[in-house]
Amino acid sequence: MMSFCRAVSVVPAPCAAGRDLARIVQINEEIKAIVALAFKINIMALNAIFLAKRAGSTALGFSVLSNELRVFSQDLKSAMAGLSGLIHQAVADVSVLLQDQRLVRLLEAAEMHSGGNERVREALRARQEKMQNHGAALARQRRQLQLVLANVAQLVELGGVLAKSAKIEAAYGQSFAPALAQVSGEFDGVVEAIRHSLGLLHKSEFFAQR
Amino acid sequence: MKATQCFFQDGEHKWLAIVRDPERPEALIDTNEYLVAYGGAGLLIDPGGAEVFPAVFSALSSEFDPAAIAGLFASHQDPDIISSLALWLEFNPKLPCYVSWLWASFIPHFGGSAESFVAIPDEGMAIDLNGLTLQAVPAHYLHSSGNFHLYDARAKVLFSGDVGAALLPAKSASLFVEDFDAHIRHAEAFHRRWMGSNEAKRAWCERVSRLDIDMLCPQHGAIYQGADVERFINWFDALRVGVAVG
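## Quick word on the sheet that holds strand S5 (residues 69-73) of chain B
Residues and elements named next belong to chain B.
Alright, step 1. If you walk across this open sheet you meet the seven strands as S1-S2-S3-S4-S5-S6-S7, and the pairing is mixed. Unpaired on one side and paired on the other, strand S1 (3-10) and strand S7 (117-120) mark the two borders of the sheet. In this sheet, neighbouring strand axes are inclined to one another by 20° on average, regardless of whether the strands run parallel or antiparallel.
Alright, step 2. As defined by bridge partners, strand S3 (residues 33-38) adjoins strand S4 (residues 41-45) across five bridges and the pair is classed as antiparallel. The residue bridging Ala37 from the neighbouring strand is Gly42, located in S4.
Alright, step 3. Contacts from helix H1 (residues 53-61) reach S1, strand S2 (13-19), S3, S4 and S5 within the one sheet, and its direction differs from that of S2 by about 140°.

## Describing the pairing of strand S10 (residues 148-152) of chain B
Residue and element names in this part refer to chain B.
Alright, step 1. Most of S10 sits out of view: five of its five residues are buried.
Alright, step 2. Relative to S10, strand S9 (residues 132-138) runs antiparallel, the two sharing four bridges. Within the sheet, the bridge partner assigned to Gln135 lies in S10 and is Tyr151.
Alright, step 3. Direction of pairing for S10 relative to strand S11 (residues 157-161): antiparallel, over a ladder of three bridges. When the bridges of S11 are listed, Tyr151 appears paired with Leu158.
Alright, step 4. Linking S10 to S11, which pair antiparallel, is a turn of four residues; within it Lys156 sits at a positive phi near 60°.

## Here we look at the sheet that holds S11 of chain B
Adjacent strands of a sheet pair through backbone hydrogen bonds, lying either parallel or antiparallel.
Alright, step 1. With mixed pairing, the six strands of this open sheet are ordered in space as S8-S9-S10-S11-S12-S13 (chain B). In this open sheet, the two strands that pair with only one neighbour each are strand S8 (125-129) and strand S13 (224-225) of chain B.

## Here we look at the packing of helix H3 (residues 60-113) of chain A against H1 of chain B
Alright, step 1. Their axes nearest at 8 Å, the elements H3 of chain A and H1 of chain B cross at an angle of 25°. As far as their axial angle goes, H1 of chain B and H3 of chain A are roughly parallel. Every pair of crossing elements has a handedness; the one defined by H3 of chain A and H1 of chain B is right-handed. Residue-level inspection shows Leu106, Leu107, Ala109, Ala110 and His113 of chain A of H3 of chain A in contact with H1 of chain B, the latter providing Phe53, Pro54, Phe57 and Ser58 of chain B.

## Some remarks on the interface of chain B and chain A
Alright, step 1. Taken together, the contacts link 14 residues of chain B with 14 residues of chain A.
Alright, step 2. Between Arg105 of chain A and Glu51 of chain B there is a salt bridge whose closest N-O contact spans 2.7 Å.
Alright, step 3. Counting across the chain B and chain A interface gives three residue pairs in polar contact (both at pLDDT 80 or more).
Alright, step 4. Looking at the side of chain B that touches chain A, the elements that each hand over two or more residues are H1 and helix H3 (85-91) of chain B.
Alright, step 5. No other element matches the five residues that H1 of chain B contributes to the side of chain B that touches chain A.
Alright, step 6. Looking at the side of chain B that touches chain A, its residues break down into nine nonpolar, three polar and two charged.

## Some remarks on the packing of H3 of chain A against helix H4 (residues 118-170) of chain A
All names here are of chain A.
Alright, step 1. Across the interface, H3 lies against H4 with an axial gap of 8 Å and an inter-helix angle of 165°. As the angle between them shows, H3 and H4 are arranged roughly antiparallel. Along this stretch, H3 crosses H4, giving a crossing that reads as left-handed.
Alright, step 2. Class assignment of the residues belonging to the contact of H3 with H4 gives a composition of 34 nonpolar, 10 polar and 10 charged.

## Focus on the packing of aromatic side chains
Alright, step 1. Throughout the structure, instances matching the rule amount to 17 aromatic pairs over all chains.
Alright, step 2. Taken together, a centroid distance of 5.1 Å and an interplanar angle of 80° make the contact between Trp103 of chain B and Phe106 of chain B edge-to-face.
Alright, step 3. Exposure remark for Trp103 of chain B: the relative accessible area of 11% places this residue in the buried category.
Alright, step 4. Among the aromatic residues, ring-to-ring pairing joins Phe180, Trp204, Tyr224, Phe232, Trp235 and Phe236 of chain B into one connected group.
Alright, step 5. The aromatic ring of Phe91 of chain B is capped on one face by Arg119 of chain A, whose charged end is 5.0 Å from the ring centroid.
Alright, step 6. Over the face of the ring belonging to Phe206 of chain A we find Arg142 of chain A, whose NZ or CZ atom lies 4.5 Å from the ring centre.

## Structural notes on the nonpolar core
Alright, step 1. Ranked by size, the top nonpolar core spans 86 residues in total, and within it Leu76 of chain A together with Trp88 of chain B carry the most contacts.
Alright, step 2. Take this core: its biggest share by element is 17 residues, from H3 of chain A.
Alright, step 3. Excluding residues within four positions of it along the chain, Leu76 of chain A makes contact with Ile34, Ala38, Val152, Leu155, Val156 and Ile194 of chain A.
Alright, step 4. In this structure, Ala165, Val177, Trp204 and Val241 of chain B belong to the second largest nonpolar core, which totals 29 residues.

## Overview of the side chain of Arg127 of chain A
Alright, step 1. Within the secondary structure, Arg127 of chain A sits in helix H4.
Alright, step 2. Under the relative-accessibility criterion, Arg127 of chain A is labelled buried at 10%.
Alright, step 3. Filtering out sequence-adjacent residues up to four positions away, Arg127 of chain A remains in contact with Asp100, Leu103, Val104 and Leu107 of chain A together with Glu90 of chain B.

## So, the pattern of salt bridges
All names here are of chain A.
Alright, step 1. As enumerated under the stated definition, the model contains 21 salt bridges over all chains in all.
Alright, step 2. Among the salt bridges present, the one from Glu111 reaches Arg121, with a minimum N-O distance of 2.7 Å. Separated by 10 residues along the polypeptide, Glu111 in helix H3 and Arg121 in helix H4 bring together distant segments of the chain.
Alright, step 3. Each of the salt bridges in this network shares a partner with another, and the network as a whole consists of Asp20, Arg23, Arg142 and Glu205.

Procedures and definitions
Residues numbered from 1 in each chain as written. Chains lettered and ligands numbered in written order. Predicted model: local features only at pLDDT ≥ 70, side-chain atom pairs only at ≥ 80, totals over all residues. Heavy atoms only, no water. Pairing = 2+ DSSP bridges. Helix = DSSP H or I, 4+ residues; strand = E, 2+ residues; numbered from the N terminus. Axes fitted to C-alpha atoms, helices over the stretch in contact; angles between N-to-C directions. Contact = heavy atoms within 4.5 Å. Buried < 20%, exposed > 50% of the residue type's maximum accessible area, 1.4 Å probe, protein only. Parallel < 35°, antiparallel > 145°, perpendicular 65-115°, else oblique. Left-handed = near helix turned anticlockwise from the far one by under 90°. Salt bridge = Lys/Arg side-chain N within 4 Å of Asp/Glu carboxyl O. Polar contact = N/O pair within 3.5 Å; in protein donor to acceptor, adjacent residues only side chain to side chain. Nonpolar A, V, L, I, M, F, W, Y, C, P; charged D, E, K, R; others polar. Phe/Tyr/Trp six-rings, centres within 6.5 Å; stacked < 30°, edge-to-face > 60°. Lys NZ or Arg CZ within 6 Å of the ring centre and 35° of its normal. Core = buried A, V, L, I, M, F, W, Y, C linked by side-chain atoms within 4.5 Å.

Next comes the structure, spelled out in structure tokens:
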């Protein structure tokens, strides 16, 4: 008898769907880490705006960039909320697929032991079809997640540019230059941490599934 | 694979027991499933857990056409009783499942929708199987808080769910209790712990002692027949239940 995994290629092997849940947990952890970093940038940007105000006209550019970094942190937070929603949907899709796989396994066994009962075979076929549809829905979900991740990556690149520009602007801060340089260096470090978490998300084997 | 044994037959009126699965994974408690058939239709009683569905289905198929199953009866909500529901509904989405009203919104966690269930009221109800009247007999708190047994007055068979259950050694193959005193040792701890109420037990003993019973069929272990039925009821009546250490 042809095994189900070979017969329906769009659906991952039973153990793969189980592992997907563990991968989703890791993805969630990274999302939480990025949201925390976005919050940190927001607070840092607020402090930077106050600092730039104290520095006066010499830190006007730094002030504008700090504002932009605040907007960046809020955009990043929204993007991660969207990603989180998609991930929750993926959990539902994987759970449905796991249930399908269990039902298929038990129906296959029932069909085999009963010498090919026609109605069990029909039920098995119907369930396999549903499983295939659910597998296709999950594949679509993965692609959508990848698209969102690509957009987030572009956003983070923008954040990186803003942080680098803030570093340059800090040099014009005259007596405030050391303080502004320290703040801009911290921006850079946090954006780098976001980039690292995003890299881990990209590398997740959850997206390697076909 | 499980074995199907017919232990009552009068023309097309039959009781089948689906029992003893030597290939059953050790982690799963052994269960008995029963089918009462009448005029070509069947009612599957305590259909079993999802993991034993293949074994139950194939064993049943050897003696009875599963397509002729007209309904399922679940004595209560436990997974070894009814977690195979989703699979039976895959096989026939229109199968009604008779169960205490108390569990009608809990069991759908195993599968099915509101339409899948016939809620049995606390006082019990008559269930028609193609002209044969079966009676859902209240057995609340024995052990589940919404619990029913099933009585077939014509066959004089009482399906007694977990009451009468015995956790027998693996080598015990007999369908019927052969030596009551030896057998009941395997039932005592189970009943003391699983049966939660002495009052409920008393009421059940009084209720079933008024019924004409030739065979008392539990969901685990062996069937009591003849004088062992009364012996069991008396033993159960005298047993102090609802007892746990700690």
